[in-house]
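What the coordinates show
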Amino acid sequence: DGKRLNPSVYCLPMGIPTNNFVAEVVKFVQAPKEIIVMYEVDGTHRQIYTDGRPLSEDPTPAWLGYSTAKWEGDTLVVQSNGFNDKTWLDMNGHAHSESLLLTERYHRRSYGFMDVEMTFDDKTYYSKPFTIKFQAQLRPGEELMEYICTENERDAKHLDNLKK
């Protein structure tokens, strides 16, 4: 509606892909049947199932969606659906619907760098799928810091003024 504020203003999750664009640490933890992605920026986590299951056909909408993945050579290909429509695609406020299908491709190019490609398919908001590409810096062993949005929070009482 043009006056919708970034969800993080309310201490809500930023969502995907915005979590990937901010400077805070993102940590991938690989287990035998899933990958856990931990986001320092808003203290959220994501489960990406790698056990061969299909995407849910009728998922309950969630902040970070429902994700499955497979390996294509040395590239991790993640497909996600089941997003709620409360997050933004970027820090400029581009919206998406609950019908968003997101395909991510993660390729570790070298010790310190990973190439990331994200394709967004949301027929409700966009006439055709579109893809963005960016490079992520890898820093193995980086520690996630604790993030508590509401700690010492003093801005909420001013939010109504921002919407006007």
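Bringing the pattern of salt bridges into the picture now. Across all of its chains, the model carries seven salt bridges by this definition. Residues D115 and R109 are paired through a salt bridge, measuring 3.1 Å at the closest nitrogen-oxygen approach. Among the charged side chains, a salt-bridge network with shared partners connects K70, E72 and R105.

A surface patch of nonpolar side chains, about 220 Å² in accessible area, is lined by V9, Y10 and L12. Tracing the sequence through the fold places Y10 in the segment before α1 (18–21). Note on Y10: relative accessible area 34%, which makes it partly exposed.

Attention now goes to the environment of F134. Within the fold, F134 resides in strand β8 (residues 130–137). In sequence terms F134 and M118 are 16 residues apart; their C-alpha atoms lie 8.8 Å from each other.

So, about the layout of surface pockets. Estimates place the volume of the second largest pocket at around 180 Å³. Lining the second largest pocket are P13, T44, H45, R46, Q47, Y49, A62, W63, L64, G65, Y66 and S67. Among the elements that make up the lining of the second largest pocket, the one with the highest residue count is strand β3 (residues 45–49) (four residues). Considering only residue class, the lining of the second largest pocket consists of six nonpolar, five polar and one charged.

Conventions used here
Residues numbered from 1 in each chain as written. Predicted model: local features only at pLDDT ≥ 70, side-chain atom pairs only at ≥ 80, totals over all residues. Heavy atoms only, no water. Salt bridge = Lys/Arg side-chain N within 4 Å of Asp/Glu carboxyl O. Patch = residues over 30% accessible without salt bridge, like charges linked within 9 Å, V, L, I, M, F, W, Y side chains within 5 Å. Areas by Shrake-Rupley, 256 points an atom, 1.4 Å probe, with all protein chains shown as cover. Helix = DSSP H or I, 4+ residues; strand = E, 2+ residues; numbered from the N terminus. Buried < 20%, exposed > 50% of the residue type's maximum accessible area, 1.4 Å probe, protein only. 1 Å grid on protein atoms, 1.4 Å probe; cavity = no way out; pocket = protein on both sides within 12 Å on 5 of 7 lines; lining within 4 Å. Points joined across faces, edges and corners; volume = space filled by probe spheres on them. Nonpolar A, V, L, I, M, F, W, Y, C, P; charged D, E, K, R; others polar.

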